[in-house]
Structures are given as structure tokens and as C-alpha cells.
Amino acid sequence: MSTQDSTATTTTTDAGGLPPLERGAVALEVRNVSKHFGNVVALKDVSCVVEAGKVTCVLGDNGAGKSTFIKILSGVHQQDEGELLINGHEHRLTSPRAARERGVATVFQDLATVPLMSVWRNFFLGSEPQKGVGPLRRLDRAAAKRITREELAKMGIDVRDPEQPIGTMSGGERQAVAIARAMYFGARVLILDEPTSALGVKQAGRVLRYIAAARDRGVGVIFITHNPHHAFPIGDRFVILNRGRLKGSWQKGEITRDELVHQMSGGAELEQLAHELQKGEPA
Amino acid sequence: MSTDPVTVSPSPTGASAPSGDERVGRTTPFALILRRPEVGALVASLVVGIFFALYARGFGELSGIANWTGVAATLGIPAVAVALLMIGGEFDLSAGVMVGTSGLVMSLLATEAGLNIWLAIVLTLLFAACVGAINGYLVMRTKLPSFIVTLATFFILQGANLGVTKAITGAVAVSGLDQASGFDAARGVFGGTFWAPYNFQISVLWWIAVTLLATWALTRTRFGNWVYGVGGDLEAARNVGVPVVRVKITLFMGTALASGLTGIIVALQISSAQASQGVGQELQFIVAAVVGGCLLTGGFGSAIGAALGALITGMAFIGIQFSGWNTDWRFLFLGVVLLLAVMLNTWIRKRASEARR
């Protein structure tokens, strides 16, 4: 994983040791997972399926349990009850590293990249390609820059200067670098934590394109968001969490955009709110 | 997918790529140079050097250069290590007093304990590495700011320097180092001079070697990438699998070892060790690193910049002396240079890496 053969990376294969899954195969399955912190129930009986080459959207308002859910999948927390199946085998992920080794990569919204570091240094941070032996062992800078450029080109980003600090890129592009990095290092399941929430409309659209690019390369994507308008165009499966429980799960085609928005925003409550807000206005 | 009217598809040709963005200008070679952290220090050292060469008699001659490079070397060796630590996001306020401590440890081992001086040097470096490791371990374990932890180390070492030295020798210095076995050979390696009759200090070669080694480590190795990572964003680095605790402890050991080397050099130069040696220099190391382009917040800087920062300090101290001014003025000069260099650095960085969003 850490040392790449510089000639083997010019093809579309990923650098990690895991072979890609067949499209539609179940990459990850969660069965009746629960988690409590003290006497607070953060997650109760949540189940969902993530297939290779498909996008599973996990929706929920603040406090719905999205963060806890991601942290269990990415190995930060361990579930108290329930099963986590990766590629058909049950696993208990004890650390983020253990999750990564099984092909589950997480891109956190703000904690994905180091702004002052160059694009290529960010891309390979923690898994740098090296050459030379003994005390002369050093970074393979040329290969690192070339691979960074190639992998970002696959996402539709043209990096002219891999030396530019990543902080000078737009928020969407930084997400793309993190996504491209996860895929290059062999992710089969990619968890994206609110990748669009801090972005403007255009930037968010771009990130959706990057998600689609990851999906089309056979990765099972878990897209966490509180925005049903971002989830609907790209999702193949929609899971809504509410107060730590599964509120509903739909396949694409089983639910309309309006229905998704309605379910997501607490439906009746929002209508009530709209009604109240209208009262004050002249008719 | 085909049933969905709003299918999102990737654009393999890069239609959304920034290449078509008319707001993005080309990166000129000039901007690339300005992006280097040490540009400000380079400009400042040229200005200061030319000023004193014109103004102070003897400053630009080889014997003069031998003089101020010697001063710069004993500041530069620890300053380079402190720069690496600052890029890694931490401070070491005990780096100055550590110079005195290691000089004392070596001198006491070689005189009072009667050890061969080479053995004393090895033991001193081991001791320094241990102090650095303890600093790093405490910072990582307690999660207290390194500013506080190393301030405590600073006072502990300062007190121990005086107390232990007085208890053993009855004075505030250890002398008679030149009587120790192996002194001449050790002095030749660490504390001697070369290129007679100008007599450049051997320490200048150590300074250059340490700077080159640090630059290599920082820019060419995986460890260097980790240093930038832990200093730039600790959590992001941890998330991608950088062993952050190991990196930081190694950096603290680096500053302690660099101070240890400097203490050995100084003690061999003057054949004795003072209990007060190095106290107050920790801020000069930090000044050199900051003048050299290191950010106080970490994640950015260079080893060459810190070496240049030390060079500026050395030139200023000796230049003021050569000019015939009262040497009391040198700290005023240092303060002004610090302020100007940092303002220049900030301005350059802003120009070179304007964020586009």
C-alpha cells in the first residue's frame, strides 16, 4: 500500500491491494446497528446496503445520528449492537486504519486536506511513494506529481501546477482531491461527510459530478447530506435518519423529489411553519 | 440511470476544469520564486550584509566574515532544528538553556568524572535526545501547549545548571576541559578553526551540514511531508495515517540534539562551560526561524530560511561592533529586522498565493 511501483500506476487500476468489486455487488451492509453514549441513544436499529457502483444517500437533520453512523462505518466508534458486513464478511472496525485496509475510506468535510501544503503533497500525505535505499530513501517527487495530475484528470480537474498550495483551490476541488486520493489508494466504499454543505450552488454541482465519477469507476458511495436537492439527482438509494432511528429507505424510482423533501424536512411540521409564517403577511 | 431525468455524469474531457476559467492567470516564474518561504530572509540578509560591508570597516574582509559566520553558526544550528519543530506546529523554549546544559554535562563528565572526551560527547548527545523525547512525550501526552511544557523544562534546566554546577565544582562554571583525554582531537572536529590566517570556525561547517540535512529531510523525504502535515492540520494528518505522535517527538529530539551539538561546540571552543550559557537564546532561535519564513502557527517555513535568519543575526551583532557603535544597540537592531522581515514575508506570501474561491 505504501510503496507503489511507478510503472503500474499509469493504468486505471487503483494502487491498493484490493481488486475492484463487480458493479451492483454488495460492498457494505449494515444490519440493525445501535450505539449509545451513556444513557443517550445515538443510533437504534439502523440498517442499510451499499452496492458497488451505486450511490447511497444518508439524509437527516442535525442530531439525526448521521455523524455517529459515519463514525461507526469509518472505524472511529464501534457499534454496541448489530453487524457490519464488508464484502460479505462481518467486521468490527477498531480504527480508521482498519477501515481503510478493508477498503472503506472516509472524506471528512473540513479535515480532508492541509491547506498550506501543495496539491501533490496532500495527495500522498501518509502514503508517500519513495525511491532509493537506506539513508538515501526519498520521496519520488516526479512520480507523485505525475500521478496526482493523472488521478485528478480522471475527476475532470486539470491541475497545471501540482506545487500550488491546496488552500488556493476552491472548496469543491479540495473535496475532489480527497475523493481522488481515496480512490487511488483502493477505496471500494467511499464515505463522504457533507461534501456539499459548505459550498455554493455551482461548486456543489461540481462535487456531485466528482461523486458520479467515483460511482462510475465502481466505488460504492455513501453520500451524507442534509440537502435532499443534492441527494436526489445522484442517489440510487435514499436512507433517512431521524432522532437516531431509520425513518425510511427507498430505491431510486420509489420516491419523488417532493416526497423526499417532505420526508426529510419533517413534512407536517414544515407545512405548519409555512402556515404560521404566512399569517402575518397581507393576503 | 436512464429513468432519471437529471442524471449526473462526469465530464471526462474536463469541461468543468479550471483550464477554461478566464479568472485564473498564469503562474509566472517570478511568482514561483516568491512562493518560497525564505525569499524575505534572503533579501534581508543581502541588505544587512551590503550595508555593513559598506559602513563597517573590516566587515567584508575574510577575517571579518570568519568572525560573523562563527557567531551565526552557533545560533544557526539550533535555529534550523527549531524551524523544523515550528513547521511541525510546536515551540521549544528550552532550546537555548539546553546549549548550556549539554556543555556542562560534557564538561563535568570529562573533568569531574574523568571520562574520555569522546565518550562524554556521546553520553551528552544521548542525554540531549532524552530531554527532547521527554519534552515531546509530555506535550503529546498532556496535550498542553508546547510553549508551557518547554517553558517548564527551560526553568528546570536553568535551575539544575546552576545548582548542580555549584554543588560539584563550587563555582558557576566548569573549567579545565583542555586537560581531558582526547581534547585536542575533539576540538579539531567540533571547536577548531580552518583556513588560516582567517580562522573560520569549524562550527560553520556543522551549521551548513545541519542546514543541508534538514532541508533534505524536509523537502525530499516522507518524514518532511509528515512534518508539514502535522503542523498544517494535525487532524487531517492523523486521518490519512500520519504517525503524528512519533513525528512530533522526533522533532523535539531534533531541537534538543541540535542544542546539544551547539553546547559541545561552544564548550570545546572556549575550553570551559558556563552555567548561564545559552539562556535567552531560545528567542533568538525562534526569531531566526520566523525571519526565515516560518509561520508561528506551523505548517510553513524552511530550514534554509532559518539559517539565513541566523546569518542576519550574526551579521548584525558583529556589524554593530565593527561599526564602533555601542553593542547595547544590537537588540534594537534585531527587533527592527524581525519586524521588517516578518512584514515582508507576510506581504510576499499574500502576493504569491492569493486564494481563489
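Please refer to the structure higher up on the page.
The following paragraphs examine the structure supplied in this document.

1. Concerning the overall build of chain A
Okay, so step 1: For chain A, the count of helices and strands is nine helices and twelve strands.
Okay, so step 2: Looking at chain A residue by residue over its 283 residues, the buried ones come to 53%.
Okay, so step 3: For chain A, the share of sequence-separated contacts (at least 6 apart) that also reach a separation of at least 24 residues comes to 67%.
Okay, so step 4: Summed over its atoms, the accessible surface of chain A is roughly 12300 Å², and 50% of this surface lies on carbon and sulfur atoms.

2. Things to note about the packing of helix H3 (residues 62-87) of chain B against helix H8 (residues 202-220) of chain B
Residues and elements named next belong to chain B.
Okay, so step 1: The N-to-C vectors of H3 and H8 enclose an angle of 20°; their axes lie 8 Å apart at closest approach. When the axis of H3 is compared with that of H8, the two are roughly parallel. Classified by chirality, the crossing of H8 by H3 is left-handed. Along the contact surface, H3 presents Thr69, Gly70, Ala72, Ala73, Gly76, Ile77, Val80, Leu84 and Ile87, while H8 presents Ser203, Val204, Trp206, Trp207, Val210, Thr211, Ala214 and Leu218.
Okay, so step 2: Of the residues contributing to the contact of H3 with H8, the split by class is twelve nonpolar, five polar and no charged.

3. Examining the packing of aromatic side chains
All names here are of chain B.
Okay, so step 1: Scanning the model with the defined rule gives 22 aromatic pairs over all chains in all.
Okay, so step 2: With a centroid separation of 5.6 Å and 50° between ring planes, the pair formed by Phe52 and Phe333 is classed as tilted. Within this pair, whereas Phe52 is found in helix H2 (residues 39-55), its partner Phe333 is found in helix H14 (residues 330-352), the two being separated by 281 residues in sequence.
Okay, so step 3: The ring of Phe317 carries the charged tip of Arg330 above its face, separated from the ring centre by 4.5 Å.

4. Details of the packing of H8 of chain B against helix H11 (residues 244-270) of chain B
Residues and elements named next belong to chain B.
Okay, so step 1: Packing of H8 against H11 leaves a shortest axis separation of 11 Å and a crossing angle of 170°. In terms of orientation, H8 lies roughly antiparallel with respect to H11. On H11, the residues that touch Ser203, Trp206 and Val210 of H8 are Leu261, Ile265 and Gln269.
Okay, so step 2: A class-by-class count of the residues in the contact of H8 with H11 yields four nonpolar, two polar and no charged.

5. Quick look at the environment of Ile211 of chain A
All names here are of chain A.
Okay, so step 1: Its location among the elements puts Ile211 in helix H6 (residues 201-216).
Okay, so step 2: Distance in space between the C-alpha atoms of Ile211 and Val55 is 8.3 Å, their sequence separation being 156 residues.
Okay, so step 3: Beyond its immediate chain neighbours, meaning those up to four positions away, Ile211 contacts Val55, Leu192, Pro195, Val221, Phe223 and Ile234.

6. Structural notes on the nonpolar core
Okay, so step 1: Residues Trp207, Val242 and Leu268 of chain B are the most contacted members of the largest nonpolar core, which totals 86 residues.
Okay, so step 2: Top contributing element to this core by residue count: H3 of chain B, with 14 residues.
Okay, so step 3: Counting residues in hydrophobic clusters, the runner-up holds 50 residues, among them Val55, Val207, Phe238 and Ile240 of chain A.

7. Considerations on unusual backbone geometry
Okay, so step 1: Each neighbour pair has its own omega, and for Ala196 of chain B with Pro197 of chain B the value is 5°, a cis peptide bond.
Okay, so step 2: Tracing the backbone shows Pro197 of chain B in the loop between strand E2 (193-194) and strand E3 (200-201).
Okay, so step 3: Within the chain, Asn32 of chain A stands out as a residue other than glycine whose phi angle is a positive 50°.
Okay, so step 4: With respect to the secondary-structure elements, Asn32 of chain A resides in strand E1 (residues 26-37).

8. As for the pairing of strand E4 (residues 81-86) of chain A
All names here are of chain A.
Okay, so step 1: Pairing geometry for E1 and E4, over five bridges, is antiparallel. Counterpart to Leu28 in the pairing with E4 is Ile86.
Okay, so step 2: Across two bridges, the pairing between E4 and strand E5 (residues 89-90) is antiparallel. Looking at the pairing, Leu85 lines up with Glu90 of E5.
Okay, so step 3: Here E4 hands over to E5 after two residues, with Asn87 in that stretch at a positive phi of 55°.

9. Quick notes on the environment of Tyr55 of chain B
All names here are of chain B.
Okay, so step 1: Along the polypeptide, Tyr55 turns up in helix H2.
Okay, so step 2: With a relative accessible area of 49%, Tyr55 lands in the partly exposed category.
Okay, so step 3: In this structure the C-alpha to C-alpha distance between Tyr55 and Phe322, which are 267 residues apart in sequence, comes to 9.0 Å.

10. Quick word on the pairing of strand E10 (residues 220-225) of chain A
Residue and element names in this part refer to chain A.
Okay, so step 1: Taking burial as the measure, the six residues of E10 include six buried ones, the bulk of the element.
Okay, so step 2: Relative to E10, strand E3 (residues 55-59) runs parallel, the two being bridged by five bridges. Note that in E10 the partner of Cys57 across the bridge is Phe223.
Okay, so step 3: Across five bridges, the pairing between strand E9 (residues 189-193) and E10 is parallel. Counted as the bridge partner of Leu192 is Phe223 from E10.

11. Details of H2 of chain B
Each α-helix turn comprises 3.6 residues. Residues three or four places apart therefore point the same way.
Okay, so step 1: Here H2 of chain B is 17 residues long and its end C-alpha atoms lie 24 Å apart, about the 24 Å a rise of 1.5 Å per residue gives.
Okay, so step 2: All of the buried residues in H2 of chain B are Val39, Gly40, Ala41, Ala44, Ser45, Val48, Gly49 and Phe52 of chain B.

12. Regarding the side chain of Ser107 of chain B
Residues and elements named next belong to chain B.
Okay, so step 1: Following the sequence through the fold, Ser107 ends up in helix H4 (residues 95-111).
Okay, so step 2: With a relative accessible area of 0%, Ser107 lands in the buried category.
Okay, so step 3: At 2.8 Å, the side chain of Ser107 forms a polar contact with the backbone oxygen of Gly103.
Okay, so step 4: Sequence-distant contacts of Ser107, defined by excluding residues within four places in its chain, comprise Glu112, Val174, Leu177, Ala267 and Ala273.

Analysis parameters
Residues numbered from 1 in each chain as written. Chains lettered and ligands numbered in written order. Predicted model: local features only at pLDDT ≥ 70, side-chain atom pairs only at ≥ 80, totals over all residues. Heavy atoms only, no water. Helix = DSSP H or I, 4+ residues; strand = E, 2+ residues; numbered from the N terminus. Buried < 20%, exposed > 50% of the residue type's maximum accessible area, 1.4 Å probe, protein only. Contact = heavy atoms within 4.5 Å. Areas by Shrake-Rupley, 256 points an atom, 1.4 Å probe, with all protein chains shown as cover. Axes fitted to C-alpha atoms, helices over the stretch in contact; angles between N-to-C directions. Parallel < 35°, antiparallel > 145°, perpendicular 65-115°, else oblique. Left-handed = near helix turned anticlockwise from the far one by under 90°. Nonpolar A, V, L, I, M, F, W, Y, C, P; charged D, E, K, R; others polar. Phe/Tyr/Trp six-rings, centres within 6.5 Å; stacked < 30°, edge-to-face > 60°. Lys NZ or Arg CZ within 6 Å of the ring centre and 35° of its normal. Core = buried A, V, L, I, M, F, W, Y, C linked by side-chain atoms within 4.5 Å. Pairing = 2+ DSSP bridges. Expected span 1.5 Å × (residues − 1). Polar contact = N/O pair within 3.5 Å; in protein donor to acceptor, adjacent residues only side chain to side chain.

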